[in-house]
Amino acid sequence: MTERSPSIAGVILAAGESSRMGRDKALLPWHGETLLSATIEMLKPAAELWIVVAGANYAALEPLVYARGGFIVANPEPDAGQFSSLRVGMQAVLNRGRDAAVIALVDRPPALPATITAMHAAFIHALGRDKWALVPEHDGKHGHPIFAGREMIEAFLRADPSSNAREVEHANTDRIEYYKVTDGNVVMNINTPDEYSTIDGS
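Residues numbered from 1 in each chain as written. Predicted model: local features only at pLDDT ≥ 70, side-chain atom pairs only at ≥ 80, totals over all residues. Heavy atoms only, no water.

**Student:** Got a minute to help me understand the pairing of strand β5 (residues 71-74) in this structure?
**Tutor:** The two faces of a sheet get side chains in turn, since along a regular strand they alternate between them. Pairing geometry for strand β4 (residues 49-54) and β5, over four bridges, is parallel. Within β5, the position partnered with V53 by the bridge is V73. Following the backbone out of β4, through helix α2 (residues 58-67) and into the adjacent parallel β5, one traces a crossover that is right-handed. (Pairing = 2+ DSSP bridges. Helix = DSSP H or I, 4+ residues; strand = E, 2+ residues; numbered from the N terminus. Right-handed = clockwise from strand over helix to strand, strands pointing away.)

**Student:** It is not clear to me how the packing of aromatic side chains should be interpreted in this structure. Could you clarify?
**Tutor:** For any two aromatic rings, the description comes down to two numbers: the centre-to-centre distance and the angle of the planes. Applying the stated criterion across every chain, the model contains two aromatic pairs. Aromatic pair F83 and F156: ring centres 6.4 Å apart, planes at 70°, arrangement edge-to-face. Highlighted residues: F83 in helix α3 (residues 82-95) and F156 in helix α5 (residues 150-158), separated in sequence by 73 residues. Note on F83: relative accessible area 7%, which makes it buried. We classify F156 as buried; its relative accessible area is 2%. (Phe/Tyr/Trp six-rings, centres within 6.5 Å; stacked < 30°, edge-to-face > 60°. Buried < 20%, exposed > 50% of the residue type's maximum accessible area, 1.4 Å probe, protein only.)

**Student:** Would you take a moment to explain helix α4 (residues 113-127) for this structure?
**Tutor:** Residues spaced three or four apart along an α-helix point in a common direction, a consequence of the helix completing one turn every 3.6 residues. Here α4 contains 15 residues, and its C-alpha end-to-end distance of 21 Å stays within 8% of the 21 Å for a straight helix at 1.5 Å per residue. Within α4 the residues assigned to the buried category are T115, I116, M119, A122, F123, I124, A126 and L127. Elements that come into contact with the buried residues of α4 comprise β1 (8-13), α1 (35-43), β6 (100-105), β7 (133-138), β9 (146-149) and β10 (176-180). (Expected span 1.5 Å × (residues − 1). Contact = heavy atoms within 4.5 Å.)

As structure tokens, then:
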């Protein structure tokens, strides 16, 4: 099968309450900007446009997203969890005429530019081998961002709303390329002040 070059939208899930952090993780300082703006910049080499999924923080994030030339959509039920935000984001990708997505979580340090470039190329190659998605793997752990083709997007949207991304992934393991990277950022979480303090975001 020949390789195809999909039109990719970046999707950043940022609708969480950040209850353990005590303040919005999307707005945490990160190397002179915020985690959200840094994540947008991370996706630019791989995405034609980018969409931020917000919750109760919609008004706070909106000016930052527009200043970066992106789009913002609201999850009407953010309390339903991250999978509900993922589904809102995937529908937004299709609504904007794109057939693939690179999905990032706002509570992870942005992956290195070289990681995104390598993953992007590997994703295009994986699509040519009938794979639906590409997931980074570091030190035996799966992480983010992930690249999802049209078929994976539709699998997320078809799934029961009470499900989660991991269950959908496990149901389609044979369609997923697990791509080893040396970038530890792909598996690092920033959920608490202690975790944030141990990561160099200066």
